[in-house]
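Commentary on secondary and tertiary structure
Residue strings, one per chain:
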Amino acid sequence: MSNYAMDVDVAKVGCPVPNMDEVKKELLISMNELYARGLKTSCQWSSDLLLSLEVGNNPKPLTKKIEGYKRPKITRSLLTPVPKRMLVAKSTDLYSIDQLPIPYKEMELYLHARTCYNAKEYQRASFWLKNCSSKIPLFLKMYSDYLAADSNIKNIGSEATPSMFKEYRNLLNNLSQLLESIRQKKKGDGYLTYLLGVVYVKLEQYEAAVKMLVESITEVPLNWHAWMQLGDLIVDRVKLSKLELPNHWMKNFFYCQKYLDLQLNEQMLGMTQYLFNCGFSDSIFLQSRVAVCYHNKRYIEIAVQKFQELIEIEPCRLENMDTYSNLLYVQHQRVELAYLAQRAVKIDKYRVETCCILGNYYSLHGEHQKAMRYFHRALKLNPLYLAAWTLLGQEYMELKNSNDAIQSYSKALEINKYEYRAWYGLGQTYEILGMFKHSLYFFKQAQLLRPFDSRMIIAVGNVYEKLGNIDMAFQSYLKGRAMGDDEKLGLIYLAKLYVVINRPNDAAKMFLEYIEEHGLDEQTRDHSYAYMFLANYNLNRMNYDQAFHYAQKCLNYAETKEEAKALLKTIVHERIHMEIDNLLSTPMSGTQSKDKDYDKEEMPRQLELLSLTQKNEMNQNEDDDDDDDNSDEEEKLCNKITMYMEIVDEELYIER
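Since we're looking at a predicted model, the values are computed, not measured.

Conventions and cut-offs
- Residues numbered from 1 in each chain as written.
- Predicted model: local features only at pLDDT ≥ 70, side-chain atom pairs only at ≥ 80, totals over all residues.
- Heavy atoms only, no water.
- Helix = DSSP H or I, 4+ residues; strand = E, 2+ residues; numbered from the N terminus.
- Buried < 20%, exposed > 50% of the residue type's maximum accessible area, 1.4 Å probe, protein only.
- Contact = heavy atoms within 4.5 Å.
- Areas by Shrake-Rupley, 256 points an atom, 1.4 Å probe, with all protein chains shown as cover.
- UniProt positions renumbered as here; feature names shortened; annotations may be inferred.
- Patch = residues over 30% accessible without salt bridge, like charges linked within 9 Å, V, L, I, M, F, W, Y side chains within 5 Å.
- Salt bridge = Lys/Arg side-chain N within 4 Å of Asp/Glu carboxyl O.
- Axes fitted to C-alpha atoms, helices over the stretch in contact; angles between N-to-C directions.
- Parallel < 35°, antiparallel > 145°, perpendicular 65-115°, else oblique.
- Nonpolar A, V, L, I, M, F, W, Y, C, P; charged D, E, K, R; others polar.
- pLDDT = per-residue confidence, 0-100.
- Lys, Arg positive; Asp, Glu negative; His and termini not counted.
- Charge placed at Lys NZ, Arg CZ, Asp CG, Glu CD.
- Expected span 1.5 Å × (residues − 1).
- Phe/Tyr/Trp six-rings, centres within 6.5 Å; stacked < 30°, edge-to-face > 60°.
- Lys NZ or Arg CZ within 6 Å of the ring centre and 35° of its normal.
- Core = buried A, V, L, I, M, F, W, Y, C linked by side-chain atoms within 4.5 Å.

A count of helical and extended segments in the protein chain gives 33 helices and zero strands. When burial is assessed residue by residue, the protein chain has 46% of its 656 residues classed as buried. For the protein chain, contacts bridging at least 24 residues in sequence account for 58% of all contacts bridging at least 6. Of the roughly 36700 Å² of accessible surface on the protein chain, 51% is carried by carbon and sulfur atoms.

Here we take up the UniProt feature "repeat: TPR" (unreviewed entry) in the protein chain. If you check UniProt for "repeat: TPR" (unreviewed entry), the listed places come out as residues 190-223, 352-385, 386-419 and 420-453 in our numbering. Spanning residues 190-223, this segment combines 79% helix with 0% strand, and its end C-alpha atoms are found 9 Å apart.

Right, let's talk about a nonpolar patch on the surface for a bit. A contiguous nonpolar surface patch, about 270 Å² in accessible area, is contributed by L109, F127 and W128. Relative to the assigned elements, W128 resides in helix α5 (residues 122-128). Judged by its relative accessible area of 35%, W128 is partly exposed.

Turning our eyes to something else, we now look at the packing of helix α16 (residues 321-330) against helix α18 (residues 352-364). A pair of packed helices is captured by two measures, namely the crossing angle of their axes and the spacing between those axes. Packing of α16 against α18 leaves a shortest axis separation of 8 Å and a crossing angle of 10°. Comparing their axes, α18 and α16 come out roughly parallel. Here α16 contributes M321, D322, S325, N326 and Y329 to the contact with α18, which in turn contributes E353, C356, I357, N360, S363 and L364. Residues belonging to the contact of α16 with α18 are distributed by class as follows: five nonpolar, four polar and two charged.

Counted under the stated rule, the structure contains 20 salt bridges. Between K141 and D145 there is a salt bridge whose closest N-O contact spans 3.0 Å. Taken together, the residues K141 and D145, both in helix α6 (residues 135-156) and four residues apart, mark about one turn of the helix. Classification of D145 by relative accessible area gives partly exposed; the value is 21%. A salt bridge links R289 to E319; the shortest N-O distance between them is 3.6 Å. With R289 in helix α14 (residues 284-296) and E319 in the loop between α15 (300-313) and α16, the pair connects residues that are 30 residues apart, well separated along the chain.

Our focus in this paragraph is the confidence of the model for the protein chain. Looking at the protein chain, the pLDDT average stands at 79 and 77% of residues meet or exceed 70. Predicted confidence in the protein chain is weakest over helix α1 (residues 2-5), with a mean pLDDT of 35, and strongest over α18, with 94. Confidence drops under pLDDT 50 across residues 651-656; counting only partners more than four residues distant or on other chains, this segment forms seven contacts.

Judged by side-chain charge, K349, R373, R377 and K380 come together as a positively charged surface patch. As for its placement among the helices and strands, K349 is situated in the loop between α17 (334-348) and α18.

Moving on: helix α9 (residues 206-219). With 14 residues, α9 extends 20 Å from end C-alpha to end C-alpha; this agrees with the ideal 20 Å at 1.5 Å per step. Buried within α9 we find A209, V210, M212, L213, V214, S216 and I217. The inward-facing, buried residues of α9 contact α7 (162-184), α8 (190-202) and α10 (224-233).

This brings us to helix α23 (residues 436-449). In a regular helix each residue adds 1.5 Å, so 14 residues correspond to 20 Å; α23 covers 20 Å between its end C-alpha atoms and thus fits that length. Those residues of α23 lying buried are S439, L440, F442, F443, A446 and Q447. Residues of α23 that are buried in the fold lie against α22 (420-432), α24 (454-466) and α25 (470-482).

Let us look at the packing of aromatic side chains. Across all of its chains, the model carries 33 aromatic pairs by this definition. For the ring pair F127 and W128, a centre distance of 5.4 Å and an interplane angle of 75° mean the geometry is edge-to-face. Consider the rings of F511 and F533, whose centres lie 5.0 Å apart with planes at 40°: the pair is tilted. Taken together, the residues F511 in helix α27 (residues 504-518) and F533 in helix α28 (residues 525-540) connect sequence positions 22 residues apart. Under the relative-accessibility criterion, F511 is labelled buried at 0%. Every member of this aromatic cluster is reached through a ring pair, and the members are W45, W224, W249, F253, F280 and F285. If you follow R114 out to its NZ or CZ, it ends over the ring of Y35, 4.8 Å from the centre. For K496, the ring lying beneath its charged end belongs to Y529, and the centroid distance is 5.1 Å.

On to the environment of M397, then. Position of M397 relative to the elements: it lies in helix α20 (residues 386-398). Residue classification places M397 among the buried residues on the basis of a relative accessible area of 18%. The spacing of M397 and Q428 is 31 residues in sequence and 9.1 Å in space, taken between C-alpha atoms. If we skip the residues at most four places from it in the chain, M397 touches A405, Y409, T429 and I432.

Moving on, we come to the nonpolar core. Y110, Y143, Y146, L230, W249, F253 and F280 are the most contacted members of the largest nonpolar core, which totals 185 residues. Residue contributions to this core peak at eleven residues, all from α6. With sequence-adjacent residues up to four places away left out, Y146 is seen in contact with L172, L175, L195, V198, V199 and K202.

This is the structure:
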């Protein structure tokens, strides 16, 4: 992986992290500014980081209850009279109104508008701030205008008319022009520049958006909103390598997130370890990214352990828990998934993560209609939630609804064209439909995004084989094996390919290796195919013991059971004929008879085993007619055995 990752210089060294006391001071100031402007997500992210700090590079001491301490009893005589004017809050108070740079005449309007904003009444908030000109009320007014328009168009959804979209775009254009004029006059700040970048994103002016977001980050580097918006625009490793960012310690967290998004898992783990060493070891954000990283690397057991540790640290946290439910779904852990679903519903049943968890729960129990209902509910809550579209496509595939599956996967790609799961799902869908050229295209797109994922490589090889391109299929299977063969398919596909090109010795070698590696792990259809091939292979080479062994294995599989019965009869027939032919062609002499050691009980041992197996099967499944047919066949076998035993008795008599 490192070779591919290093062909573009993305492994930039992060900015050194200053003393934790300085980091704490920056976070406190930033949280005050973010909270005043209504940037709740950024404020919450900063508070999470603040909580994880190890000030002075020493773990934070746990709060202890002082033994013997009693709360004093307060009487009216102890209370001091309240002054007419409230005292000014200290400068260290985080949300002190006195610390906000807002003129006195605008303060009351701002406070009222903030209450409307917190209630998501954005138009009311904008109305009360229409005459304000200071930076914080001005930002809140323009941000409220943006959120009002954006939420309105999202709520209308598919029912929106072209005139509504035109009105929405005109509002964004007017807002961008106003923000640009403020910027040109140098009357704004980094937060207004950030809002201009967000509006440019909605107007699909991506180059201008990147420029504004970088400028905003340079001025106010602790606005996590701006970093995430910028990250959404950096969609490949080349752009990431060319990005010029301010030399601030927040850059480390940005690279940590982008490495994860771009599947640069090793670099992401390295950056995370550096931040852990700097004093952020208790950061829930970083620990959750590590869990998702192990999920991407398909280290399923480690990823499950990391998510369980997150739940122990913060039981009521739902972020990334839908990814945890995917891991439980893959491992078929029904009980754990049921507990997770129950806990998520108790916390917040209207979160998109909760809906996806419930969808996975019902899908694992085979209730695909209910699963689809919850995935649709998640998309109503957030139409741009990528995981819900991908999971919905998988449910449509379970119900063999190819058209809706294609639409779901295509919608996921409209949101993020670098979502490899959607490309892979489209490849599977078109493969089922028999449109192998389309399937090959989609699988190749998934392989480009996950060049070291053996599943993508082997899927490409499988389609090549169906298209008749044996050489490319062979190369893909070998490459998939070299990449680890996560789904254990490389060996079985190689073996089947050797069967197709009539190389039975190589096929037998691959089947044997497959059984040795995975024979005890799973009981799948591929195992039955491998056992049946090895039984026929050894029968053709007159290795009757091995053929009998593998044919008996085939009795454990429904798809090869009947064929295995017939094959066992054939093996016994041919072995008896071979023994009789050897005896008839051997001259009767005392010397030769002494060299041979015949055992009457050992020779028909396999026939007795076969007869017992057939007898049990006949008692359970066969009718009287089948009993007559089998008895005739057994009578013929007994006659041949009797002839064989007479010859053996004659030789023993001569010997005596």
